[in-house]
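Chain by chain, the residues run as shown.
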Amino acid sequence: VMGLLTLLIACFNLTNTTIAISSRRLKEIGIRKVMGGLRKQLIIQFIGETTLICFFALLLGLFFTEFLTEAWNIMFYRAPVSPHYLDNPQFLIFVSGILVFIGLLAGAYPAFYISNFEPISILKGKLKFGGTNYFTRTLLALQFAISLISIVSAIAFLQNAKYQKAYDLGFDPKGSVIAWLSSKEFEIYRNSLQGNPEIVSIAGAASGIFSNRAHEPVRYESKEVEVDIIDVGDHYLKTMNLTLIGGRDFVQNSETDKKESIIISQKMATMFGWQKPLGKEVIWKDSVKLYVVGVVKDVYTMGLWDALEPLMIRYVGPEKYSQFVVNAKASSVPALNKYMEAKWKEIFPNRLYNGYLLGESIDRADVVNVYMVKIYAFLGSIALMLSTTGLFTLVSLTIIRRTKEIGVRKVLGASVVNITRIINTEFFVILLLASVAGSVLSYFVVDLLMARLWKYYQPTTTQTIIVSIIIMFVISAAVIGYKVFKAASLNPVNTLRNE
């Protein structure tokens with residue numbers, strides 16, 4: 001979508017520029033019409049010229065694609081792309097269609113507009129145009145509105161990355177390493193790691209967060225709710241840094257806890273409408289009675305990608321363990337993982353080490369944010385560059401058209417600041433309208449995109465939009481400021497002298 005919008009900016013830019021500089025070709029058009037040139041011939045010529053420009057742009061674009069494809073493959077290595085040109089007929093048809101479409105889109109209006117002039121008006125010198133009109137102003141406003149979307153998107157994803165990094169998932173993903181082994185191997189492997197001072201806690205589990213948890217219905221009275229279910233062993237809550245906000249943890253080696261005790265999340269208590277969940281009885285698998293002995297803070301078992309699910313934790317003994325869970329300080333986890341791998345090779349030399357950092361699953365969200373920032377920063381830079389180029393062109397032609405007016409104003413005592421304000425007012429209004437339209441579009445576009453990626457994210461803030469607008473105004477002012485100031489500082493003797 002942003003690629004198409006950026007392409008539209010380029011089309012608007014070319015349309016604006018073609019219309020604006022057509023005053024240099026008025027006599028050519030008049031003479032050709034007097035000599036018998038038909039309007040349709042002029043239309044074909046102007047559209048052909050625009051299409052030729054687009055053709056050279058297409059070749060240059062294909063050249064840049066080679067480099068951009070490499071950048072894409074570095075970011076999205078799981079979905080690599082490779083450009084195919086001559087060996088792909090569908091691609092050639094697509095590119096040819098795009099070329100014709102863009103040539104018509106960018107060149108049709110200037111061609112029909114310019115070729116409609118009367119030769120008498122042209123050759124008598126009565127017809128003069130240039131600068132801006134309502135059409136060119138609208139196109140310029142649309143250009144900057146689209147540019148603003150890219151700028152807002154880049155900043156919004158940057159802020160969202162910070163927001164999601166600080167989001168409390170209810171457990172500690174950054175400090176955990178998970179390995180898979182059998183229940184008989186658990187004690188052997190744990191004993192081999194006991195001497196490592198970096199390890200804070202070790203636990204076992206049959207299923208856990210971000211792994212092979214179950215999702216089944218449980219019933220309380222007449223209400224049934226589907227919940228995530230994990231089966232954990234001793235010290236699991238401590239090892240995963242789950243926060244117990246009510247009740248107790250499981251009692252080690254307690255047969256009663258294995259048979260009928262559960263610890264639930266706040267979400268599960270809320271869904272059943274429990275104000276005091278401790279001691280409540282639920283039915284699982286139609287006949288198994290389970291009693292709540294503890295409540296933990298909500299745990300986002302799917303990270304921030306999907307909605308928070310209610311969680312039910314059951315207690316199992318070592319004979320059912322299939323997971324080995326280790327907790328350490330986040331800064332020590334990479335080194336600890338290597339240490340665990342070395343010990344694994346000593347104890348289980350015939351098997352590959354299968355441990356992984358739980359934080360890697362969470363880091364995917366951060367990676368997506370970073371890539372989106374890069375993509376939108378790139379698109380925003382291109383879009384803003386195109387828009388400011390169009391702005392510079394229109395400002396230049398407006399100054400040319402109003403050169404004598406500027407000279408008269410200076411003779412009558414107008415200051416440079418006053419003349420600069422007069423010239424800039426029109427474009428300031430255009431940028432202001434573009435800011436309003438772009439802000440509204442940005443809010444919905446960014447929210448729509450983030451909602452497709454995550455369930456929990458930070459929407460576009462007013463601060464983000466204001467900063468983006470300031471960036472757009474500052475860059476625009478830097479591009480046209482010198483040009484306007486130079487025009488306002490011209491000597492009126494030179495501007496009013498008649499050739």
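Residues numbered from 1 in each chain as written. Predicted model: local features only at pLDDT ≥ 70, side-chain atom pairs only at ≥ 80, totals over all residues. Heavy atoms only, no water.

### Section: helix α2 (residues 26–34)
So, step 1. Listed as buried for α2 are L26, I29, G30 and K33. Taken down its axis, α2 places every buried residue within 100 degrees of arc, on the same side. (Buried < 20%, exposed > 50% of the residue type's maximum accessible area, 1.4 Å probe, protein only. Helix = DSSP H or I, 4+ residues; strand = E, 2+ residues; numbered from the N terminus. Arc of directions from axis to C-beta.)

### Thoughts on the nonpolar core
The tendency in soluble globular proteins is for nonpolar side chains to be buried as a group.
So, step 1. Counting 70 residues, the largest nonpolar core has F144, F171, I209, Y236, M240, L242 and I313 as its most contacted members.
So, step 2. Residues I199, F324, A328 and F348 belong to the second largest nonpolar core, which totals 21 residues. (Core = buried A, V, L, I, M, F, W, Y, C linked by side-chain atoms within 4.5 Å.)

### Here's the deal with a nonpolar patch on the surface
So, step 1. Side chains of L60, F63, F64, F67, L68 and F378 sit close together on the surface and give an oily, nonpolar patch of about 620 Å² of accessible area.
So, step 2. In terms of residue count, helix α3 (residues 39–75) provides more of the nonpolar patch than any other element does, five residues in total.
So, step 3. Summarising the element assignment, F67 is placed in helix α3. (Patch = residues over 30% accessible without salt bridge, like charges linked within 9 Å, V, L, I, M, F, W, Y side chains within 5 Å. Areas by Shrake-Rupley, 256 points an atom, 1.4 Å probe, with all protein chains shown as cover. Salt bridge = Lys/Arg side-chain N within 4 Å of Asp/Glu carboxyl O.)

### Some remarks on the pairing of strand β1 (residues 176–180)
So, step 1. The element β1 is extensively covered by neighbouring structure, given that four of its five residues are classed as buried.
So, step 2. Looking at chain direction, β1 and strand β10 (residues 323–328) are connected through five bridges and run antiparallel. Across the sheet, the residue bridging to A179 is F324, located in β10.
So, step 3. With two bridges joining them, β1 and strand β11 (residues 356–357) adopt antiparallel strand pairing. (Pairing = 2+ DSSP bridges.)

### A look at the pattern of salt bridges
So, step 1. Taken as a whole, this structure holds 10 salt bridges when the rule is applied.
So, step 2. Between R351 and E185 there is a salt bridge, with its nearest N and O atoms 2.4 Å apart. Here E185 lies in helix α7 (residues 183–193) and R351 lies in the loop between α11 (333–347) and β11, a separation of 166 residues in the sequence.
So, step 3. Looking at E185, the relative accessible area reads 16%, which means it is buried.
So, step 4. A salt bridge links E341 to K345, with the nearest nitrogen and oxygen atoms 3.8 Å apart. One end of the pair is E341 and the other is K345, both in helix α11 and four residues apart, which spans about a single turn.

### Points about unusual backbone geometry
So, step 1. Even without a glycine there, the phi angle at E221 is positive, about 55 degrees.
So, step 2. Mapped onto the fold, E221 is located in the loop between β3 (214–220) and β4 (223–232).
So, step 3. Here the phi dihedral of K285 falls at roughly 55 degrees; this positive angle occurs in a residue that is not glycine.
So, step 4. Relative to the helices and strands, K285 is located in the loop between β7 (281–284) and β8 (288–296).
So, step 5. The exposure class assigned to K285 is exposed, which follows from its relative accessible area of 51%.

### What to know about the packing of α2 against α3
So, step 1. Taken N-terminus to C-terminus, the directions of α2 and α3 make an angle of 145 degrees; their axes are 11 Å apart at the nearest point. Note on element contacts: α3 touches α2 through L42, Q45 and F46, opposite E28, I29, R32 and K33. (Axes fitted to C-alpha atoms, helices over the stretch in contact; angles between N-to-C directions. Contact = heavy atoms within 4.5 Å.)

### A word on the side chain of T301
So, step 1. For T301, the position within the fold is in the loop between β8 and β9 (311–315).
So, step 2. For T301, the side chain forms a polar contact with the side chain of D228, separated by 2.7 Å.
So, step 3. For T301, the residues in contact, after removing those within four places along its chain, are I209, F210, R213, D228, E309 and L311. (Polar contact = N/O pair within 3.5 Å; in protein donor to acceptor, adjacent residues only side chain to side chain.)

### Focus: the environment of P349
So, step 1. Assignment of secondary structure puts P349 in the loop between α11 and β11.
So, step 2. On the accessibility criterion, P349 (58% relative accessible area) is exposed.
So, step 3. When the C-alpha positions of P349 and R402 are compared, they lie 84 Å apart, and in sequence the two are 53 residues distant.

### So, the packing of helix α6 (residues 134–165) against helix α15 (residues 462–488)
So, step 1. Relative to each other, α6 and α15 sit at 130 degrees, their axes nearing to 9 Å. When the axis of α6 is compared with that of α15, the two are oblique. Here α6 runs over α15; the crossing is right-handed. Contacts between α6 and α15 involve F144, L148, I151, V152, I155, A156 and Q159 from the first element and Q463, T464, I465, V467, S468, I469, I471, M472 and S476 from the second.
So, step 2. For the contact of α6 with α15, a count of residues per class yields 11 nonpolar, five polar and no charged. (Parallel < 35°, antiparallel > 145°, perpendicular 65-115°, else oblique. Left-handed = near helix turned anticlockwise from the far one by under 90°. Nonpolar A, V, L, I, M, F, W, Y, C, P; charged D, E, K, R; others polar.)

### Considering the packing of aromatic side chains
So, step 1. Tallied over the full model, the rule gives 23 aromatic pairs.
So, step 2. On the numbers, 5.2 Å between centres and 55 degrees between planes, the contact of F186 with F324 is tilted. Here F186 is found in helix α7, whereas its partner F324 is found in strand β10, with 138 residues between them in sequence. Neither residue differs from the other here; F186 and F324 are each classed as buried.
So, step 3. Ring plane angle 50 degrees and centroid distance 6.1 Å describe the contact between Y189 and F348, whose orientation is recorded as tilted. In this pair, Y189 is assigned in helix α7 and F348 in the loop between α11 and β11, connecting sequence segments 159 residues apart.
So, step 4. According to the relative accessible area criterion, Y189 is buried, its value standing at 0%.
So, step 5. A relative accessible area of 10% places F348 in the buried class.
So, step 6. Joined through ring pairs, the aromatic side chains of F186, Y189, Y321, F324, W344, F348 and Y353 make up one cluster. (Phe/Tyr/Trp six-rings, centres within 6.5 Å; stacked < 30°, edge-to-face > 60°.)

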